[in-house]
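# Analysis of the macromolecular model
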Amino acid sequence: MGKRKFNDDQITGILKEHQAGVTVADVCHKHGISEPTFYRWQSLQSGNTGLDTKRLRALEEENQKLKKLLAEAMLSAATLSEMLAKTSNGRH
């Protein structure tokens, strides 16, 4: 399998050009792609669940930040529990 010439954002931009009124032939000629490639991209895009690529990436980044915050909070709670256990054992 060869290296991809276009990333997801570029493909979305090309498809939006067509939606703006440019003919398929003109879009394909401008970007150096074949019409079957254009229609394949279009069918894959229509199968999208509604979230565009940028929104999906933003959600993934937010998810990673939240996971990190949760891990830090759990570590802090565990540390406090250990310190409390040590201090309560020393007083008996």
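Residues numbered from 1 in each chain as written. Predicted model: local features only at pLDDT ≥ 70, side-chain atom pairs only at ≥ 80, totals over all residues. Heavy atoms only, no water.

What follows is about the overall build of the chain. Tallying secondary structure elements over the chain gives 4 helices and 0 strands in all. For the chain, the N- to C-terminal ordering of α and β elements is α-α-α-α. Residues counted as buried form 13% of the 92 residues belonging to the chain. Pairs at least 24 residues apart make up 45% of the contacts formed inside the chain by residues separated by at least 6 positions. As displayed, the chain offers around 7800 Å² of accessible surface, 57% of which is attributable to carbon and sulfur atoms. (Helix = DSSP H or I, 4+ residues; strand = E, 2+ residues; numbered from the N terminus. Buried < 20%, exposed > 50% of the residue type's maximum accessible area, 1.4 Å probe, protein only. Contact = heavy atoms within 4.5 Å. Areas by Shrake-Rupley, 256 points an atom, 1.4 Å probe, with all protein chains shown as cover.)

A few words on the packing of aromatic side chains. On inspection of all chains with the given rule, the structure shows 2 aromatic pairs. Both rings, one in Phe 6 and one in Trp 41, keep their centres 5.5 Å apart while their planes meet at 75°; by these two values the pair is edge-to-face. Of this pair, Phe 6 sits in the segment before helix 1 (8-19) while Trp 41 sits in helix 3 (residues 35-46); the two residues are 35 residues apart in sequence, bridging distant segments of the chain. With a centroid separation of 5.5 Å and 80° between ring planes, the pair formed by Phe 38 and Tyr 39 is classed as edge-to-face. (Phe/Tyr/Trp six-rings, centres within 6.5 Å; stacked < 30°, edge-to-face > 60°.)

A word on the nonpolar core. Core analysis: the biggest nonpolar cluster contains 10 residues, these being Phe 6, Ile 11, Ile 14, Leu 15, Val 24, Val 27, Cys 28, Ile 33, Phe 38 and Trp 41. At the level of secondary structure, the elements contributing two or more residues to this core comprise helix 1, helix 2 (24-31) and helix 3. When neighbours within four sequence positions are excluded, Phe 38 is seen to be in contact with Ile 14, Leu 15, His 18, Val 24, Val 27, Cys 28 and Ile 33. (Core = buried A, V, L, I, M, F, W, Y, C linked by side-chain atoms within 4.5 Å.)

As a further point, take the packing of helix 1 against helix 3. Their axes nearest at 10 Å, the elements helix 1 and helix 3 cross at an angle of 100°. With respect to their mutual orientation, helix 1 and helix 3 come out roughly perpendicular. Here Ile 11, Thr 12, Ile 14, Leu 15 and His 18 of helix 1 come into contact with helix 3, specifically with Phe 38, Trp 41, Gln 42 and Gln 45. Grouping the amino acids of the contact of helix 1 with helix 3 by side-chain chemistry returns 5 nonpolar, 4 polar and no charged. (Axes fitted to C-alpha atoms, helices over the stretch in contact; angles between N-to-C directions. Parallel < 35°, antiparallel > 145°, perpendicular 65-115°, else oblique. Nonpolar A, V, L, I, M, F, W, Y, C, P; charged D, E, K, R; others polar.)

Confidence along the chain averages 87 in pLDDT terms, with 87% of residues attaining 70 or more. Looking across the chain, the model is least confident in helix 3, with a mean pLDDT of 89, and most confident in helix 2, with 94. (pLDDT = per-residue confidence, 0-100.)

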